[in-house]
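Read off the chains here:
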Amino acid sequence: MTQRAATEPMGADPRDHEALALEGITVRFGPVTALDGAHCTIRRGTVHAILGENGAGKTTLMRAAFGWLMPDAGTIRLHGAPVTFRTSAEAIAQGIGMVHQHFMLIPAMTVTENIALGGRGRFDAGTTAARITAVADGAGLPVDPVARVRDLAVSAQQRVEIVKALVRDARILILDEPTAVLTPDQATELLRWVRTFADAGGTVVLITHKLREAFAVADDLTVLRQGRTVLSAARALVTEAHLIEALTGAGVGPGGAGGPVPYHPMPTARVADAPEVDDPAPVLRLDGVRYVDPRGVTRLRAVDLAVYPGEILGVIGVEGSGPRELLRILAGRLTPTTGRVTRPDAVGFVPEDRLHDAVIPSFSLTENLVLADGGEARGWMDWSTWRTITRDLLATADVRAAGPDVPMATLSGGNQQRFVVGRERRRAAAALIVEHPTRGLDLTASARILADLRALGGNPRPAVVFHSADLDEVLAVATRVVACFEGRVREVSPPSDPTDRTPYTRAMTGSVETTAVSSGGTR
Amino acid sequence: MEALLIPFLDATIRTATPLAYAALGELVTERSGVINIGMEGIIIAGCLGGLVAAGAGGAAMGFLGGALAGAGMAAIFAFFVLRLRADAIITGTALTLLGLGLTGTLYRGLFGLEGAALGTPSIAPIALPGLSSLPLVGPVFFTQTGMTYLLYLFVPALAWWLARTQAGLALRAVGESRAAALAAGLDVQRLRWGAILFGGAMGGLCGATLVLAQVGTFTEGMSAGRGFIAIAIVVLGRWRTVGTTLAALIFGGAFALQYLLQAAGWALPYHLFLALPYLLTLILLAALRGRAEAPAELASQESWSRA
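## Looking at unusual backbone geometry
So, step 1. Not every positive phi belongs to a glycine, and E486(A) is a case in point at roughly 50°.
So, step 2. Take E486(A): it is sitting in the loop between β18 (480-485) and β19 (488-491).
So, step 3. Although it is not a glycine, R85(B) sits at a positive phi angle of roughly 60°.
So, step 4. If you trace the backbone, R85(B) turns up in the loop between α3 (59-83) and α4 (88-111).

Set out below in structure tokens:
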């Protein structure tokens, strides 16, 4: 980057020059118009945030700029000159790099092999590795060139993706939802890096749906809605209210939700009041639970935990520190190595990867409902009854679907998630385990699913345990918070100042000031 | 002991040679993320192609003819799977049936009922000067046909190409993740076309070797399941060049064992010996089940047909 900065003409502010301009970009997928004349101009040496809900066309627009797909109409200018990219290789050759939301890395190969991919002639691992190390260290993004990608943490894989672009002399970096896979600390670090990269003369396009991120780091903002650019301006000229209005618009909502959905303001760091509980018997209980994964890594050590009816237990902790295993043991998907688990026969479970673990996208809603009931339905299938049950579920869980016979794949992410939550609630009234409730959902759908979790009814009310990488989400919904750190689970006492997050971030990074979660919690 | 061992090992290398050609061809195809189970049809096409071309232009022409016939069959497979997006398993099965049927028909059409002329050109073993006089190793490894010697050169060359060239890296990447390969700007279709055609040419060489270096003539169905064994060899060899070559040797040994045991006069029905390599295939595949080292794209049927 430093060399890059030195090559910029002295004197003039590089930000006066456009790096990448997209005008009138239209992209159609069959009958669907994904982009309808979208535009934006990205200035050199800036961070430009592209905002929009899921399906607004953010990624599609940037894929067009990256040569991943050819727009049906529109012009792309690179440093002022019109360009046409037929393949992403051509865009890469012109100094554009893109880090896709789902990393384009090959798990079975080494970092060096992954980065070398796409070159010509001999492949000399030693030389390539040396070059990678030089570029990575120069950019402040340490990577191990000989490591296999499958052995790397997600954040390290992301660094590999960025280094891959830099090794190819990318001057314009497109990052698609880069913080979605990171912990809050890692996200902060990445955004800081992005800022440094831009300050040194690089150009960054940041695709995100997190407003705070865009405000924190971007120089310019572009908001897309339903394939059109509805706002494109310098950040200094935009207020949060503008943005929210631009994002959600009036009368539009994904999945035909019927009218505008009020935006839930950025939640303050406040743990909701704990519910009054009459019944002291815990629904879920772990005693001295230890879990060693198949690779021999101890994931949980000596965990004692009790969850009571009506409680919404938020689990925080970075990836790999234990939340995933904790939730899956409570859900009955994992068996602890040692220790005792007390749980009802049926525990509802909403896994993080809906489309792989919770539903079969090509099956109808009714079929997806029946499947979850496993051994319950036997012999002759009374489909009309099941269809009625499904229809009821659609009504009670407020799932927008044309009917019980449509394939799951036709539902929007938010509706799928509500369907799964509703189905699991129907199956297991006493306890519900939810992994990353808003993963892959847009702002509106996220807000709704969180509100749904808060409002779960029943008598007695269910015990809910959920984990999210977004601390705000946990604090907005949970009645009690526990933090995982290196396989230990501790309760976090709410701070006296509700906006103070330090107790939570400290708990996730192993600093003290937490109390051990006894079977009785802090009740 | 040596009187039995040397002929056995010699026969092992000799029978392993065509298997190794087919298996290495299949290896390259599979490393690109496509499984071609039509190898059987490719090999039999190589047999007939080799016979016809050798009759017209000598043994060297025969190998060229075999390779072209194999590549031609593979082109049909590639056209259906890559261009028309047909199911690879169905297409491969059809290719096997097509190859077996078409060669029988063509053979009878070309040579009538009396069969091929006995004067089919063939290649004889060449004793390499010096090396062939080494004890044990000499008669086993260095008194073989040119096709075996070519294989000695080809195996390290392929291993090097896969590991040390950008093209080899690209081929492996396409087999592991089509999406990542596309993101790197690779032409997935072209790489797969190349890998399939190469696999076909290698399968054709296998067939030509059978005819011109071993059997000396063509019989209907003479590929005798070698195409399927080649696929098993690739699995046994864990999709690696050297491993696959060694696995081909094991199967060569199983074929050779049937000669050895029959020569030793075991009073067992000879069908049992004939079944030995196939039995071995089943046993080894069952013993090696599970471990996931296959190119990841092989598991994603859908991706074979997408651009």
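## Things to note about the pattern of salt bridges
Residue and element names in this part refer to chain B.
So, step 1. A complete count under the given rule lists 26 salt bridges over all chains for this structure.
So, step 2. Close ionic contact of E220 with R108 constitutes a salt bridge, the shortest N to O distance being 2.9 Å. Here E220 is found in the loop between α9 (188-215) and α10 (226-236), whereas its partner R108 is found in helix α4, with 112 residues between them in sequence.
So, step 3. The partly exposed category is assigned to E220, whose relative accessible area is 44%.
So, step 4. Taking the relative accessible area as the measure of exposure, R108 reaches 45% and is therefore partly exposed.

## Section: the interface of chain B and chain A
So, step 1. Counting residues at the interface gives 19 residues for chain B, matched by 21 residues for chain A.
So, step 2. When the two sides are added together, the surface that chain B and chain A hide from each other amounts to roughly 1,600 Å², 66% of it contributed by carbon and sulfur.
So, step 3. The largest share of the area that chain B buries against chain A comes from Q166(B), L169(B) and A183(B), three residues that together contribute 36% of it.
So, step 4. At the boundary of chain B with chain A, the tally comes to 1 salt bridge.
So, step 5. The residue R172(B) makes a salt bridge to E113(A) at a minimum N-O spacing of 3.0 Å.
So, step 6. Between chain B and chain A we count 5 residue pairs in polar contact (both at pLDDT 80 or more) in total.
So, step 7. Taken together, the elements giving at least two residues each to the side of chain B that touches chain A come down to α6 (146-164), α7 (166-176) and α8 (178-183) of chain B.
So, step 8. When residues of the side of chain B that touches chain A are assigned to their parent elements, the largest contribution, 7 residues, is made by α7(B).

## Concerning a nonpolar patch on the surface
Residues and elements named next belong to chain B.
So, step 1. On the surface, V52, I76, F79, F80, L84, L98, L102, L106 and L110 cluster together to form a nonpolar patch covering roughly 740 Å² of accessible area.
So, step 2. Where the nonpolar patch is concerned, the elements lending two or more residues are α3 and α4.
So, step 3. Per element, the largest residue contribution to the nonpolar patch is 4 residues, and it comes from α4.
So, step 4. In this structure, L98 sits in helix α4.
So, step 5. For L98, a relative accessible area of 37% puts it in the partly exposed group.

## With respect to helix α11 (residues 241-263) of chain B
So, step 1. Here α11(B) is 23 residues long and its end C-alpha atoms lie 33 Å apart, about the 33 Å a rise of 1.5 Å per residue gives.
So, step 2. Looking one or two places after α11(B), you find G265(B), whose phi comes out positive at around 75°.

## Here we look at the pairing of strand β6 (residues 96-99) of chain A
Residue and element names in this part refer to chain A.
So, step 1. Of the two faces of β6, the one lined by I96 and M98 and the one lined by G97 and V99 are each fully buried.
So, step 2. Both β6 and strand β7 (residues 172-176) contribute to a ladder of 4 bridges, which runs parallel. The partner of I96 across the bridge, within β7, is I172.

Each value, and the rule that gives it
- Residues numbered from 1 in each chain as written.
- Chains lettered and ligands numbered in written order.
- Predicted model: local features only at pLDDT ≥ 70, side-chain atom pairs only at ≥ 80, totals over all residues.
- Heavy atoms only, no water.
- Helix = DSSP H or I, 4+ residues; strand = E, 2+ residues; numbered from the N terminus.
- Salt bridge = Lys/Arg side-chain N within 4 Å of Asp/Glu carboxyl O.
- Buried < 20%, exposed > 50% of the residue type's maximum accessible area, 1.4 Å probe, protein only.
- Contact = heavy atoms within 4.5 Å.
- Buried area = accessible area lost by both parts, 1.4 Å probe.
- Polar contact = N/O pair within 3.5 Å; in protein donor to acceptor, adjacent residues only side chain to side chain.
- Patch = residues over 30% accessible without salt bridge, like charges linked within 9 Å, V, L, I, M, F, W, Y side chains within 5 Å.
- Areas by Shrake-Rupley, 256 points an atom, 1.4 Å probe, with all protein chains shown as cover.
- Expected span 1.5 Å × (residues − 1).
- Pairing = 2+ DSSP bridges.

These figures come from the coordinates and say nothing about function on their own.
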